[in-house]
Amino acid sequence: MGISRIFRRERLDNYLKSDQHFAKTMSAKDLMSLGIGAVIGTGIFILPGTIAAQYSGPGIVLSFLLAAIVCSTAAMCYAEFASVLPVAGSAYSYGNLVFGEIIGWVLGWALILEYVLAVAAVANSFGAYFNSFLAGFHLSLPTAVTGPYDPAHGTYGNIVAILVVLLISWLLNRGMRESMRINNAIVIVKIAIIILFVLVGMFYVKPSNWQPFAPFGSKGILRGASTVFFAYLGFDVVSASAAEVKNPKKNMPIGIIGTLIVASVLYMLVAVVLTGMVHYTKLNVADPVAFALTLVHQNWTSGIISLGALAGMFTMMVTMIYSSSRLIYSIGRDGLLPKFLGKIDESNGTPKNSLAVITVVIALLGGFVPLAQLTNLVNIGTLVAFLFVSFGIIRLRHIKELPENSGFKVPWYPVLPIVSGLLCFGMMLQLPAETWIASSIWFALGLVIYFTYGLRHSRLNDEMPK
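Now for a description of the structure that goes with this document. Note that the structure is predicted; figures quoted are calculated from it, not measured.

1. Some points on the overall build of the protein
For the protein, the helix and strand inventory stands at 17 helices and 2 strands. For a compact globule of 466 residues, the expected C-alpha radius of gyration is about 23 Å, and the protein comes in at 22 Å, within 12% of that figure. Viewed in the frame of its principal axes, the protein has a C-alpha envelope of about 75 × 50 × 40 Å. The 466 residues of the protein split such that 58% are buried. Residue pairs in contact within the protein that sit at least 24 positions apart in sequence constitute 83% of those at least 6 positions apart. Averaging the coordinates of the 30 positive side-chain charges in the protein and doing the same for the 20 negative ones gives two points 4 Å apart.

Quick look at the structure:
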């Protein structure tokens, strides 16, 4: 086997031909709804308080701004890729088209890690939040079905986590047009709840609470930025939908960059109001937003915040399950995983097989496995993809057989893509050693699967001279 074989590149026309069976129904508004659904989760009700208390003080607003600027460099790289290459599969497909099959596989394997663990962990949390919500009405589920498999603590499965994953999968299976209507409605509810908190909280802001603005100095603000950076992850899933978008050259960049702008504004508004309502030293609690509202005797909004948290988790799971099914479809389409995963149902234009497989995996993990220790792996999977997409812009512009880019282009080329790649690598170095060890095992397993199955069944083998 020559080394060149694993660096064979896919042809764009092959992807466009395979992906033409998708129904092109999504607009820029749908893309922003998908992105905001992924990025704004329960973290918006927690991170501004806990990070302010531990690292940044009221300067948390600058931490969010800095993290958004760092993320925007990668977002612009994604926007250019999505504009030039309107295909399903996000960074996996981009890697295949510009670097070669082995790099594409590694990126796809990294994204599988990100999507599956992220949704399973959120499904787990959704079950816990839902049980707390029921408790407010003096209702409860049997303990046996409220947590992961842990007989020592009397739990044998998280039934709510399993059911919500199955519900989302059922919605997605009905087609994107209907799924997007429901997702868009819930995203609007979520944003309305965040704005409600800002409007109510504004009346209880005391400017004295913003003093000192940066109690831990610039180091604290930078430490806060590196921590909240991960709150922005998720906008990349927008690029997975490129094959189902009307006018992707125009709408993909709007969806990706628009998501980041809206998310940044919402995070910063909550941070400003929260640290103005309560002195930062009191915010190191599990539910700082609800805590702040209780302190100012606005208890009625605490229940609404719980609804906002549930809505945030629901839309995040919709986006991630959708994106992961398109990713698995793309890898199956190329033969690197069994080809039945790369089939599209003609009746509604969805990849039913890949959606079914990913649903089963996520439901089992979310319902039965304790995931608290694994969530850092989500971050490394994302950052690996960001790193290659950032440096990939330089390669993209030098491949003559790809179409000329008449859509969005990364500004300040080649400086900005290089800066983006280096920033992502710097963020990877911030992750703990156990994350690197666990991810190394994951990537080693991925390479074993590629060399024992993917390389032999790759669609590219059919194009090799006999």
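2. Observations concerning the environment of Ala-121
The topology assignment puts Ala-121 in helix H7 (residues 101-135). C-alpha of Ala-121 to C-alpha of Ala-363: the two residues are 242 residues apart in sequence and 10 Å apart in space.

3. Focus: the pairing of strand E2 (residues 155-158)
In summary, the side chains of a regular strand alternate between the two faces of the sheet. Of the strand pairs in this sheet, strand E1 (residues 146-150) and E2 are connected by 3 bridges, and their pairing is antiparallel. Across the sheet, Asp-150 pairs through a bridge with Thr-155, a residue of E2. As consecutive antiparallel partners, E1 and E2 are separated by 4 residues, and within that stretch Gly-154 has a phi angle of approximately 75°, a positive value.

4. Some remarks on the packing of aromatic side chains
With the rule as written, the count across this model stands at 17 aromatic pairs. Between Phe-229 and Phe-230, the aromatic rings sit 5.3 Å apart at their centres with planes inclined by 85°, giving edge-to-face as the arrangement. Taking the relative accessible area as the measure of exposure, Phe-229 reaches 1% and is therefore buried. Aromatic pair Tyr-450 and Phe-451: ring centres 5.1 Å apart, planes at 75°, arrangement edge-to-face. Of the residues examined, Tyr-450 reaches a relative accessible area of 0% and is grouped as buried.

5. Quick notes on the nonpolar core
If you look at the biggest cluster of nonpolar residues, it comprises 145 residues, and the most contacted ones within it are Leu-85, Phe-197 and Phe-235. When residues in this core are grouped by element, the largest group, 19 residues, is from H7. When neighbours within four sequence positions are excluded, Phe-197 is seen to be in contact with Val-270, Val-273, Leu-274, Met-277, Val-289, Leu-293 and Ile-305.

6. Quick look at helix H5 (residues 60-84)
Across its 25 residues, H5 extends 36 Å between first and last C-alpha, which sits within 8% of the 36 Å expected from 1.5 Å per residue. Its axis deflected by about 25° at Ser-72, H5 carries its strongest bend there. Among the 25 residues that make up H5, 20 are buried, leaving the element largely enclosed by the rest of the structure.

7. Here we look at the environment of Ile-40
Note on placement: Ile-40 falls in the loop between helix H3 (28-39) and helix H4 (47-56). Along the primary structure Ile-40 and Tyr-267 are separated by 227 residues, whereas in three dimensions their C-alpha atoms are 8.4 Å apart. Excluding residues within four positions of it along the chain, Ile-40 makes contact with Lys-190, Ile-194, Ala-263, Leu-266, Tyr-267 and Gly-312.

8. Focus: the side chain of Asn-184
Note on placement: Asn-184 falls in helix H9 (residues 176-202). Of the residues examined, Asn-184 reaches a relative accessible area of 13% and is grouped as buried. Of the polar contacts made by the side chain of Asn-184, one reaches the side chain of Ser-33; its length is 2.6 Å. Ignoring anything within four residues of it in the chain, the contact list for Asn-184 reads Lys-29, Asp-30 and Ser-33.

9. Considering a nonpolar patch on the surface
Residues Leu-62, Leu-65, Leu-66, Ile-69, Phe-213 and Leu-222 make up a contiguous nonpolar surface patch of about 490 Å² in total accessible area. Looking at the nonpolar patch element by element, the count peaks at 4 residues for H5. With respect to the helices, strands and loops of the structure, Leu-222 is situated in helix H10 (residues 217-228). The exposure class assigned to Leu-222 is exposed, which follows from its relative accessible area of 52%.

10. Re the state of the cysteines
As enumerated under the stated definition, the model contains 0 disulfides in all. Here Cys-77 is not cross-linked by a disulfide; its sulfur's nearest cysteine counterpart is in Cys-424, at 8.2 Å. Residue Cys-424 stays outside any disulfide, its sulfur separated by 7.8 Å from that of Cys-71, the closest cysteine. The class for Cys-424 is buried, based on a relative accessible area of 3%.

Basis of the calculations
- Residues numbered from 1 in each chain as written.
- Predicted model: local features only at pLDDT ≥ 70, side-chain atom pairs only at ≥ 80, totals over all residues.
- Heavy atoms only, no water.
- Helix = DSSP H or I, 4+ residues; strand = E, 2+ residues; numbered from the N terminus.
- Rg over C-alpha atoms; globule rule 2.2 N^0.38 Å.
- Buried < 20%, exposed > 50% of the residue type's maximum accessible area, 1.4 Å probe, protein only.
- Contact = heavy atoms within 4.5 Å.
- Lys, Arg positive; Asp, Glu negative; His and termini not counted.
- Charge placed at Lys NZ, Arg CZ, Asp CG, Glu CD.
- Pairing = 2+ DSSP bridges.
- Phe/Tyr/Trp six-rings, centres within 6.5 Å; stacked < 30°, edge-to-face > 60°.
- Core = buried A, V, L, I, M, F, W, Y, C linked by side-chain atoms within 4.5 Å.
- Expected span 1.5 Å × (residues − 1).
- Bend = angle between axes of the 7 residues up to and from the residue.
- Polar contact = N/O pair within 3.5 Å; in protein donor to acceptor, adjacent residues only side chain to side chain.
- Patch = residues over 30% accessible without salt bridge, like charges linked within 9 Å, V, L, I, M, F, W, Y side chains within 5 Å.
- Areas by Shrake-Rupley, 256 points an atom, 1.4 Å probe, with all protein chains shown as cover.
- Salt bridge = Lys/Arg side-chain N within 4 Å of Asp/Glu carboxyl O.
- Disulfide = S-S within 2.5 Å.

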